[in-house]
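# Reading the structure
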Amino acid sequence: MTERSPMLPPERTRTLILASALLRGAIAAGLGLGSLAVLVTVLWISSPYPDSGPGGALRTAAGIWLLAHGAELLRPDTLSGVPAPVGVVPLLLVAGPVWLAHRAARDAAEPDEAGRRPSQAGVFCAVTAGYLLVVAGAAAYARGGSLRVAPETLAFPVALVVAGAAAAGVWTAAGRPFGPLPSWAPLVLQEAMARTLFRDRAEAVCRAAATGAAALLGGGALVVAVALGRNAAAAQESFLVLSGDWSGRTAVLLLAVALVPNAALWGAAYGLGPGFALGTGATATPLGLSGTPAVPDFPLLAAVPEPGAATPLNWAACAVPVVAALAVAWCVLRRAAPADGPRARAWSPRETALTTGLAALGCGALMALLTAAAGGPLGTGALGTFGPVGWLAGPAALAWTAIVGVPAALLVRLWRLREPGWAWRRDVPEETGKTPEEAGERKEKRKRAKKAAPVEPKHAATSAAPATPEPVTAPDGDAMDDDDDAGFEPYDFLPTDPWHEHEKDRHEKDLRGKGLHGKDWHGKDEREARWASLKQGSGGLMADFPAHIPAALRSDEPSAAPAADDGRSAQGAQGTQGAQGTPGATP
């Protein structure tokens, strides 16, 4: 017999899942803290003149790890004796803890081998609690070091950052669904999220807002790079002055790399207009640097503009928000009026403007949050305010993207939907305004309309025809193609009644000209004339005997007349009777 593991009750299974999620959160926090502690320990070992022992290095590592979560640190050893705050968070360091918490929650929320998915709320709470337990221990351990943690910042923003990363992980494990909302959400929002159209518009708004923020971030990085290139000598001098040994210079270089996202956001705030603060009494904007800046000696701060009035090169930074606004409009137009989509699916001007405006609002909110995180205090007094101000940069981003983006989106939409046709599309020839398939089909229709000979009506009243009528020959198609009628107008629909008055009058006129008007269409002479014409036009494929209806099938009733309308019906009748033993007609 095969041994089987005992089945656990559902309550115990749920407890084990939550315990596993709690452990995953603690392990994720431990991995981040341990990695940073190893790096700090290596730099401490390689330093020729360390200020403290290994315990001090580990406490410093714990403080820097908490700073990466948004906590504010305090330096107690100052000349004035007043602890100096350190609130500028290196944003590149935030990526490590956020990714570890996100991955822990995502793995804990994955379904098991049996396909059973654990409770999302339970996994979120367990992972967050496990992570925050390590945060609390690290904060308690760092109290005796050179960088202490302000206790009030552990709840906000540290706990908020961890909870947000865990929630994103649970959402990723669920497949990143855009709804439905929780049961406690307002009913109006639940009904709106249930509509596919609303979800599509909301997705377009989020994508456009993220695109605009990314464009601002990239433009700010470009502004900083250009400024550093112009002041490369000052940046190099600052880098060499800060430390004389290679371990110290390595630490300065790593700190500068960790602050690159902060510098990009500073450049974006500079291009938006509000600029950034260089202390409590100085502000750098595209219009110039006002006040007396309190700038520490650091390589990245060599990009700060010179005091005084601005130059046209400084004004060029205002192109960054313009490009970001155009990026928002382009992202919205990909859904509002796609280049390769049917015209009927294009959004209305109101929907396009509303979506672009909401995307501008989202871009402004995102930039307000990021610029607020990129700055902070570096001390007391003049260094109490350092970096961009979020509540100024956010509205500036909203104004730029809305004022430039909304008209741009409407104008491009109007251009794409202009008349006649969609000649701007890649798959449409400019001279026709139609696709190649439609153009070829239209040309074939014109050829067939020109080559088609007039068709004689079956039930038109006619008289006797000559015994041997002239064969009807179709006109030469090549000659007609060469002699194209410039006044030809193709039609889209055939008339519902093919024997309308015009055609009837034309056929009666032709019959009068041949002397056949008023004669019986189904008479013997007319039938023989049609038979001779068909035989001559068949090229020898038809039998060499005249049309003849057997006596058994002859009838004076009107219903029998159409049966002998063409020669094939008469021939089929003769063949049938011949197979049954009835003698057929002989030539």
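Preceding this paragraph is the structure being described.
Let us look at the structure shown here. (Residues numbered from 1 in each chain as written. Predicted model: local features only at pLDDT ≥ 70, side-chain atom pairs only at ≥ 80, totals over all residues. Heavy atoms only, no water.)

## Points about unusual backbone geometry
Keep in mind that most residues, glycine aside, have a negative phi and that most peptide bonds are trans. At the junction of phenylalanine 156 and proline 157, the peptide bond is cis and its omega measures out at 15° in the coordinates. A positive phi angle, close to 50°, is found at arginine 176, a residue other than glycine. Among the structural elements, arginine 176 can be located in the loop between α5 (154–173) and α6 (187–193). (Helix = DSSP H or I, 4+ residues; strand = E, 2+ residues; numbered from the N terminus.)

## Focus on the pattern of salt bridges
Evaluated as defined, the whole model comprises four salt bridges. Note that arginine 201 and glutamate 351 form a salt bridge whose closest N and O atoms lie 3.4 Å from each other. Placement of arginine 201 in helix α7 (residues 196–230) and of glutamate 351 in helix α13 (residues 349–374) is noted, with a sequence separation of 150 residues between them. In this structure glutamate 351 comes out as partly exposed when scored by relative accessible area, which is 26%. (Salt bridge = Lys/Arg side-chain N within 4 Å of Asp/Glu carboxyl O. Buried < 20%, exposed > 50% of the residue type's maximum accessible area, 1.4 Å probe, protein only.)

## Description of the packing of aromatic side chains
This structure, assessed with the given rule, holds four aromatic pairs. With 6.1 Å between their ring centres and 40° between their planes, tyrosine 270 and phenylalanine 276 make a pair best called tilted. Each member of the pair tyrosine 270 and phenylalanine 276 is classed as buried. Counting every residue linked through ring pairs, the aromatic cluster contains Trp266, Tyr270, Phe276 and Phe386. The lysine or arginine in question, arginine 59, covers the ring of tyrosine 141, its NZ or CZ lying 4.9 Å from the ring centre. Stacked on the ring of tryptophan 347, the Lys or Arg arginine 201 has its end atom at 3.8 Å from the ring centre. (Phe/Tyr/Trp six-rings, centres within 6.5 Å; stacked < 30°, edge-to-face > 60°. Lys NZ or Arg CZ within 6 Å of the ring centre and 35° of its normal.)

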